[in-house]
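For reference, the chains in residue letters:
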Amino acid sequence: MNYIRLRKNYLSVENLSVQKLVKKYKTPFYCYSLSQLKDNFFTFRDCFKTVKPIICFSIKSNSNLTLLKELRKIGSGADVVSIGELLKATKAGINPKKIVFSGVGKTEEEIRIAIRKGVLLINIESESEASLINKISKQLSKKVSVGVRLNPNVIGKTNKKISTGGKDEKFGLVYNDFINLCKKIKKMKNLNLRGLSVHIGSQITSIVPFKKVLSVINKVIKKTNINFEFIDLGGGIGISYSKNEKKINLKQYCKMVAKFLKNKNSRIIFEPGRFIVGNTAILIAKIIYIKRSNNKNFIILDAGMNNLLRPALYDAQHSIVAIKKRGKFLGKNIKFVGPICESTDKFSTYRTFSQIKEGDCVGITNVGAYGMSLSSNYNTRPIVAEVLVNGSTHKIIRKRQSLENLVNN
Ligand code: LLP
């Protein structure tokens, strides 16, 4: 179900028209649908119900505290990659026994805090990290549950900037190194090897690479003869950013996982980010100017790459919708751009668009994942507000950064 859609020519979030919201909140701002968030989580959970995975929402995709609390209420755990994310997860009330700590560069301080909090697994990515965790655990007189991240040398068909499973990437350990490290960890007194983790990339829309990953894991298990209690399959499940984009068959993925689990005593962990939050939000922006130059219509928005980096960083396409759909805009080459002083500060281009004028607002769609979490103060512009809609109600879940706060550091 889509909770953000055009209703009678008005872009709406649940029961509220964005037209109403722009009268209350200063643009640009992120606007989320709570029902969409819950719906996505339940869809994911239900698709995989036969394998009953632990679902650890990947906080890097969106770390808004209110959203994390909502996810915790419906049973989510968390995948964290920094101390900030770990502390946010626990502040949101997520039980540390449902938190996995990933990342290639965990610092001593981060490891110490993760051990003290008692997270479910620290997913190790190198021999040096294993030794450090063992040393800290000894100092704290603990035996710590760890996983090891396998680099399966499987390349998920996606944007190469968000692909992590190839053997030349910095992530995880390739087959032989993985096996050797597992042997070493088994001898480390303060580590308890309980998990194997993988993550091959993001925005993957085919199950084929996931199938390959499962087969590599099977080989590894046979070779090491280790009964991993947890198999952490990471995240990476893609969403449709446009109508023609292929949708991944999650039920099929579940069947593959169920088959993989046969004759094993393991529990699956998933770390979805984008699938849970991607389509829950729009970025609402105002048209400051319409500038005609060299046969082009530049629609200059008050939102830029500082608010939504994905187009500039990955050439990502996020459809743009007028908040009130009118007749057709006359003119080709309708280019939506931001105010930032960089030529990569541009969004989508259209041949036709709804009739718009300066002062109108538009919504940039599917920005719930890696939208706000990748935003910055570039060009010394404030971090914008986040608004949550639930049915017919709306509230601020992150205040717009004040100019005072912005200029004081
Ligand atoms: N687990 C690990 C270890 C990860 O590195 C990631 C994402 C996830 C889970 C969640 O992946 P998801 O389900 O969201 O695909 N900024 C990029 C995406 C980078 C993903 C990084 N790792 C983008 O905007 O497309």
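Cut-off values and rules
- Residues numbered from 1 in each chain as written.
- Predicted model: local features only at pLDDT ≥ 70, side-chain atom pairs only at ≥ 80, totals over all residues.
- Heavy atoms only, no water.
- Near = heavy atom within 4 Å.
- Polar contact = N/O pair within 3.5 Å; in protein donor to acceptor, adjacent residues only side chain to side chain.
- Areas by Shrake-Rupley, 256 points an atom, 1.4 Å probe, with all protein chains shown as cover.
- 1 Å grid on protein atoms, 1.4 Å probe; cavity = no way out; pocket = protein on both sides within 12 Å on 5 of 7 lines; lining within 4 Å.
- Sits in = over half its atoms within 2 Å of the grid points.
- Nonpolar A, V, L, I, M, F, W, Y, C, P; charged D, E, K, R; others polar.
- Domains from an automatic or database assignment.
- Phe/Tyr/Trp six-rings, centres within 6.5 Å; stacked < 30°, edge-to-face > 60°.
- Helix = DSSP H or I, 4+ residues; strand = E, 2+ residues; numbered from the N terminus.
- Buried < 20%, exposed > 50% of the residue type's maximum accessible area, 1.4 Å probe, protein only.
- Lys NZ or Arg CZ within 6 Å of the ring centre and 35° of its normal.

Asker: Explain the site of the ligand to me, and be specific about the residues and the numbers.
Answerer: Near the ligand lie 18 residues; those nearest to it are Ser 202, Glu 271, Arg 310, Tyr 314 and Tyr 370. A distance of 3.4 Å separates a nitrogen atom of the ligand from a polar atom in the side chain of Asp 79. Surface burial for the ligand is 91%, taken as the share of its 590 Å² of free accessible area covered by protein chains. One can see that the ligand is located within the second largest pocket. Considered class by class, the residues forming the shell around the ligand number five nonpolar, seven polar and six charged. A domain-level breakdown of the shell around the ligand finds at least three residues from each of domain 1 (4-32 + 278-407) and domain 2 (34-274).

Asker: Lay out the packing of aromatic side chains in plain terms, naming residues and giving numbers.
Answerer: In this structure the tally under the stated criterion is 14 aromatic pairs. Plain terms: the ring middles of Phe 48 and Tyr 253 are 5.6 Å apart, the flat faces sit at 80 degrees to each other, and that makes the pair edge-to-face. Of this pair, Phe 48 sits in the loop between α2 (34-47) and β5 (54-58) while Tyr 253 sits in helix α9 (residues 250-261); the two residues are 205 residues apart in sequence, bridging distant segments of the chain. For Tyr 253, a relative accessible area of 2% gives the class buried. Seen in terms of ring centroids, Phe 48 and Phe 270 are 4.5 Å apart; in terms of plane orientation they differ by 50 degrees. Their pairing is tilted. In this pair, Phe 48 is assigned in the loop between α2 and β5 and Phe 270 in strand β13 (residues 267-270), connecting sequence segments 222 residues apart. A residue is classified by how much of its surface remains accessible, and Phe 48, at 0% relative accessible area, is buried. Assessed through its relative accessible area of 1%, Phe 270 is described here as buried. An aromatic cluster is defined as three or more aromatic residues linked by ring pairs; in this entry it consists of Phe 44, Phe 48, Phe 210, Tyr 253, Phe 270 and Phe 275. In this arrangement the basic side chain of Lys 106 is found over the ring face of Phe 101, its NZ or CZ atom lying 5.7 Å from the centre. If you follow Lys 264 out to its NZ or CZ, it ends over the ring of Phe 260, 3.9 Å from the centre.

Nothing here speaks to function; it is geometry throughout.
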